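# Chains, contacts and geometry: an overview
Chain residues, written in single-letter form:
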Amino acid sequence: MLVAVDVLYDESIPQARAAGVGFLRWDQATPDQEEVRTFESFAGYQPGQFYLRELPCVLPLLEAFPDARCVVVDGYVDLGPGRPGLGRHLYDALGERAANLTVVGVAKTSFHGAPGREVFRGDSKRPLFVTSTGPIDEAAAWVKQMAGPHRMPTLLKRVDRLTRGD
């Protein structure tokens, strides 16, 4: 199964909501599985330490997807040489489970030095920035073929809406 995950924080409550959608093919428009978890506590924001907030929410969420072979995160796998991003921290945290798994990062904004590919979708003139623990050209092709006519693939929009409670 392929899985896309995202996390949203509400500092006013405080509460975090992690969501995941599972799907079998890159080109499908509707998920086969949806999961949402709510967390009553989470780490405070620390510049450059984004993963400290995300991992404690994403790791328990992924337990609902035991056969995941690829996880798509909102952000970067690597930020540059020797600079792991959320995706790399997730891959490392998965330990032995990561041996048969690829993590793909899909970011909406560029990060100077990140070793990724620009992917243009639909009529958008703005790319998505794709990074991966596996072959980058393959990951970029996967994101390019995801369903949806716009810049953001349909299932990535769906997981974002689930974090917002839609």
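Quick look at the structure, then. Computed from a predicted structure; not experimentally measured. (Residues numbered from 1 in each chain as written. Predicted model: local features only at pLDDT ≥ 70, side-chain atom pairs only at ≥ 80, totals over all residues. Heavy atoms only, no water.)

## Some points on the overall build of the protein chain
Per the secondary structure count, the protein chain includes 4 helices and 9 strands. What you see in the protein chain, going N to C, is helices and strands ordered as β-β-β-α-β-β-β-α-β-β-β-α-α. A compact globule built from 166 residues would reach a C-alpha radius of gyration of about 15 Å, and the protein chain, at 15 Å, matches this within 12%. Every one of the 166 residues in the protein chain was classed for burial, and the buried ones make up 46%. (Helix = DSSP H or I, 4+ residues; strand = E, 2+ residues; numbered from the N terminus. Rg over C-alpha atoms; globule rule 2.2 N^0.38 Å. Buried < 20%, exposed > 50% of the residue type's maximum accessible area, 1.4 Å probe, protein only.)

## Some points on helix H2 (residues 86-93)
If you check which residues of H2 are buried, you get Leu86, Gly87, His89 and Leu90. Taken end-on, H2 shows its buried residues confined to a sector of 165°, consistent with a single buried face. In the core, the buried residues of H2 are packed alongside helix H1 (51-62), strand S4 (70-74), strand S6 (83-84) and strand S7 (102-107). Phi for Gly95, located one or two positions after H2, is positive at around 55°. (Arc of directions from axis to C-beta. Contact = heavy atoms within 4.5 Å.)

## Observations regarding the side chain of Ser132
Counting through the fold element by element, Ser132 comes out in strand S9 (residues 128-132). Looking at Ser132, its side chain comes within polar contact range of the main-chain nitrogen of Gly134, at 2.9 Å. Leave out the neighbours within four places in its chain, and Ser132 touches Val77, Arg88, Thr102, Val103, Val104 and Ala139. (Polar contact = N/O pair within 3.5 Å; in protein donor to acceptor, adjacent residues only side chain to side chain.)

## Focus on the side chain of Thr163
Take Thr163: it is sitting in helix H4 (residues 154-163). For Thr163, a relative accessible area of 3% gives the class buried. If we ignore the near neighbours within four places in the chain, the residues touching Thr163 are Asp6, Val7, Leu8, Arg17 and Ala19.

## Remarks on helix H3 (residues 136-145)
Residues of H3 that are buried: Ile136, Ala139, Ala140, Trp142 and Val143. The arc that holds every buried residue of H3, seen down its axis, measures 155°, which confines them to one face. Residues of H3 that are buried make contact with S4, S7, strand S8 (117-119) and S9.

## With respect to the pairing of S4
Counting buried residues in S4 gives 4 out of 5 residues, a clear majority hidden from the surface. Both strand S1 (residues 2-10) and S4 contribute to a ladder of 4 bridges, which runs parallel. Counted as the bridge partner of Ala4 is Val72 from S4. Looking at chain direction, S4 and S7 are connected through 5 bridges and run parallel. Residue Cys70 lies in a different strand from S7, and its bridge partner there is Thr102. (Pairing = 2+ DSSP bridges.)

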